[in-house]
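Coordinate inspection notes
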Amino acid sequence: MKTEIPPLPYTQTRSFLTVSLVELWERFGYYGMQALIVYYMVERLGFEDSRANLVWSAAAALIYVAPAIGGWIGDKVLGTKRSMVIGAMILTLGYALMAVPTENTWFLFSALGVVVVGNGLFKPNTATLVRKIYEGDDSKIDSAFTLYYMAVNVGSTISMLATPWIKDAVNASTGSQLGWHAAFGVCSVGLLVGLFSVLMMRATIAHVGSPPDERPLDAGKLAAVLGGGALMVVASAYILEYQALARAFVYAAGVVVLGIFIHLIRKSQPSERAGLTAALVLTLQTVFFFIFYQQMSTSLSLFALRNVDLDFTVLGAHLWTWSPAQFQALNAIWIMLLSPVLAWVYTASGRSGRDLSIAAKFALGFFSVALGFFAYGVAGQFAVNGLTSSWIMIIGYGLYSLGELLVSGLGLAMVARYVPARMSGFMVGAYYVAVGISQYLGGLVANLASVPKDVVDPVQTLPIYTSLFNKLGLGAVACTVIALAVLPLVRRLTATHNAHN
């Protein structure tokens, strides 16, 4: 196996930029679609809140579970770089199918199934490439993944602001509902730009990858992967249509991944065991975080639709007006603003030897999430006729996004730090399975604020949402306490891991 030392002039920074750019455009597509999908099901297809929440949460679960297989394919079958590129091609097709103007739910669910397959190949392999670029340089891993997180949010910010505007503009100009599909089509174009960028800059990542990348492409293996992907599309469509099947799938995935995690810990070398155990403890905490995260595209999204004043004003002066879907962009905007600050803090504290552990950062993250949901919870105190100030959303998203950076933003860094390189692809996939499970659980939580179709008065819907947000705030406080309680355990495991590595 060749030594992975970048040939000049391709530095770590240039290699990192290539991977970040393709991830940026993939996130452009994904979040552009996410900004509209629940609204599309409620407003265009006539779904009840509860069905829309659970269909999207099941789709999100599948989208995040699929990388467990895609990581293995990248490590052992097709190669990390090839899997990333093939995944991007399949994602392009998935969003293009969503642009087809039809109200057939099976067609929509099949298109989402294509997105599931594409994401399964794309997502774990981009993260693995970042890890390989900085392999052996722990001092830079936290900063690299934080900046990586910021880079991808550039794409999501643009798309979450653009796709709702495109939808409204096309609908208004054509007097039809074609705007929804035009917006989904733009998501597909984003993936094409991402593929072009990685094609033009491929030389900068020529030195990183997995062993299959160094061998010629095996057509038989590629055909097997694509055939398996086609079967997964069909299975995904059925899972999205039948919620009992979705629940069974998600819970089974959780049991299987936990079992494999425990098996790997038991069978690993003594020098690897402490790091894997620490990774398991922190991954379980990540599951709880993504229950909160899933509210952005479900309960918070519908809250913005029904109970937020869409006008931004200061001292009575009107600044601008957003559509409800555009409020989701606040998350990405805050991520971009906060990421470089946190990356600088991590680097500076690392140099001085005072850097907080990942476990301590997780605890701080949950506390920030708690403050964010309490901000949404008090929204009723600033409401007029059931509509609360849009500035409440900015404050809540700011606190929530800081928590996201401290937990989710470091989740992949946690895998990179504690997991042996030979397990990297699988463990990144296992991490995303945990995320997928919690996305579905988040949909179940969001349904606690499901509003019946015949309730349209904002004064009636407001307390339904604020009650849920206050409960979520209390839940995040409980997670903070748990994270603090396991700090000593994680410190001991980290010390043991570092002593052996």
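Refer to the structure above for everything that follows.
Per-chain numbering applies: the sequence of each chain, read as written, is numbered from 1 onward. For this predicted model, a pLDDT threshold of at least 70 governs which residues receive local features, and a threshold of 80 or more governs which side-chain atom pairs are given and counted, while totals over whole chains, interfaces and linings are taken from all residues. Computation of side-chain values covers all heavy atoms of the structure but excludes hydrogens and water.

Things to note about the overall build of the protein
Numbered from the N terminus, helices here are DSSP runs of H or I no shorter than four residues, and strands are runs of E no shorter than two. Of the regular secondary structure elements, the protein holds 17 helices and two strands. For this measure, only C-alpha atoms enter the radius of gyration; the expected value for a globule follows 2.2 Å times N^0.38, where N is the number of residues. In terms of overall dimensions, the protein is globule-like: its C-alpha atoms have a radius of gyration of 22 Å, near the 23 Å expected for 501 residues. Once the C-alpha set of the protein is aligned to its principal axes, its extents read approximately 65 × 50 × 45 Å. Computed with the Shrake-Rupley method and a 1.4 Å probe, the accessible areas treat only the protein chains shown as cover for residues. About 19200 Å² of surface is accessible on the protein, with carbon and sulfur atoms providing 69% of the total. Under this rule, positive means Lys or Arg and negative means Asp or Glu; His and the chain ends count for nothing. The atom standing in for a charge is NZ when the residue is Lys, CZ when it is Arg, CG when it is Asp and CD when it is Glu. Mean positive and mean negative side-chain charge positions of the protein (30 and 24 charges, respectively) differ by 10 Å.

Quick notes on the nonpolar core
In this description, a nonpolar core means a group of buried Ala, Val, Leu, Ile, Met, Phe, Trp, Tyr and Cys residues linked to one another through side-chain atoms lying within 4.5 Å. Residue exposure (1.4 Å probe, protein chains only): buried if accessible area is under 20% of the type maximum, exposed if over 50%, otherwise partly exposed. Within the largest apolar cluster, 135 residues are counted, with the highest numbers of intra-cluster contacts made by M33 and W56. When residues in this core are grouped by element, the largest group, 14 residues, is from helix 1 (residues 12–44). Excluding anything up to four places from it in sequence, M33 contacts W56, Y95, M98, L112, F184 and C187. Within the second largest apolar cluster, 10 residues are counted, among which are L78, V114, V117 and L121. Any two residues whose heavy atoms approach within 4.5 Å at even a single point are treated as in contact.

Quick notes on the pattern of salt bridges
Each salt bridge in this description consists of a side-chain nitrogen of Lys or Arg and a carboxyl oxygen of Asp or Glu lying within 4 Å of one another. Tallied over the full model, the rule gives six salt bridges. Of the charged contacts in the structure, one is a salt bridge between D49 and R306, with a shortest N-O distance of 2.6 Å. Of this pair, D49 sits in helix 2 (residues 49–65) while R306 sits in helix 11 (residues 299–307); the two residues are 257 residues apart in sequence, bridging distant segments of the chain. Like D49, the residue R306 is buried in the burial classification.

Examining the packing of helix 1 against helix 2
Two numbers describe a pair of packed helices, the interaxial angle and the distance between the axes. Angles run from 0 to 180 degrees between N-to-C directions of axes, and those axes are lines fitted to C-alpha atoms, restricted for helices to the stretch in contact. Running from N to C, helix 1 and helix 2 point in directions that differ by 155°, and their axes come no closer than 8 Å. In terms of orientation, helix 1 and helix 2 fall into the roughly antiparallel class. For the element pair helix 1 and helix 2, the recorded crossing hand is right-handed. Each of R27, Y30, Y31, M33, Q34, I37, V38, M41 and V42 in helix 1 lies in contact with helix 2, whose residues at this interface are D49, A52, N53, V55, W56, A60, I63 and Y64. Three classes are used, and their members are as follows: Ala, Val, Leu, Ile, Met, Phe, Trp, Tyr, Cys and Pro are nonpolar, Asp, Glu, Lys and Arg are charged, and the others, Gly among them, are polar. Here the contact of helix 1 with helix 2 is built from residues that sort into 13 nonpolar, two polar and two charged. Each angle is binned into one of four classes, with values under 35 degrees roughly parallel, values over 145 roughly antiparallel, values of 65 to 115 roughly perpendicular, and all other values oblique. Note: crossing handedness is left-handed where the near helix turns anticlockwise from the far helix by less than a right angle, and right-handed where it turns clockwise.

Brief notes about the environment of R215
The topology assignment puts R215 in the loop between helix 7 (178–200) and helix 8 (219–241). On the basis of relative accessibility, which here comes to 43%, the residue R215 falls in the partly exposed class. Expressed as a C-alpha distance, the spacing of R215 and L78, which sit 137 residues apart in the sequence, is 9.2 Å.

As for the packing of aromatic side chains
Geometry of aromatic contacts follows a simple scheme: Phe, Tyr and Trp rings, the Trp one being its six-membered ring, pair when their centres are within 6.5 Å, and the pair is stacked under 30 degrees between planes, edge-to-face over 60, tilted otherwise. In total, this model carries 26 aromatic pairs according to the counting rule given. Taken together, a centroid distance of 5.1 Å and an interplanar angle of 65° make the contact between F290 and Y293 edge-to-face. Of this pair, F290 and Y293 both sit in helix 10 (residues 270–293), three residues apart, which is roughly one turn of that helix. Each residue in the set F292, F303, F373, Y376, Y397, Y400, Y465 and F469 is aromatic and connected to the rest through ring pairs, giving one cluster. Lying across the ring of W180, K167 places its NZ or CZ 4.5 Å from the centre. Consider the ring centre and the ring normal. A charge sits over the ring if Lys NZ or Arg CZ is within 6 Å of that centre and within 35 degrees of that normal.

Some thoughts on unusual backbone geometry
A positive phi angle, near 55°, is found at N385, a position not held by glycine. On the secondary structure map, N385 appears in the loop between helix 13 (358–377) and helix 14 (390–418).

Side note on helix 12 (residues 329–352)
Every α-helix winds through 3.6 residues per turn, so residues three or four apart in the chain are directed the same way. In this analysis, the expected span of each helix is defined as 1.5 Å times one less than the number of residues it contains. Taking 1.5 Å of rise per residue, the 24 residues of helix 12 would be expected to cover 34 Å, and the 35 Å separating its terminal C-alpha atoms lies within 8% of that figure. Turning to helix 12, its buried residues number three or more, namely A329, L330, N331, A332, I335, L338, S339, L342, A343, Y346 and S349. One or two residues past the end of helix 12 sits G353, with phi positive at roughly 80°.

Side note on the environment of A325
With respect to the helices, strands and loops of the structure, A325 is situated in the loop between strand 2 (317–321) and helix 12. In sequence terms A325 and V114 are 211 residues apart; their C-alpha atoms lie 24 Å from each other. Apart from the residues lying within four places of it in its own chain, the contact partners of A325 are A35, L36, Y39, M160 and P164.

Things to note about the packing of helix 10 against helix 16 (residues 458–485)
Viewed as axis vectors pointing N to C, helix 10 and helix 16 meet at an angle of 165°, and their least axial separation amounts to 11 Å. In terms of their interaxial angle, helix 10 and helix 16 are classed as roughly antiparallel. Like other packed secondary-structure pairs, helix 10 and helix 16 cross with a definite hand, here left-handed. From helix 10, Q285, F288 and F292 reach across to helix 16, where they touch L472, G475, A476, C479 and A483. Class assignment of the residues belonging to the contact of helix 10 with helix 16 gives a composition of six nonpolar, two polar and no charged.

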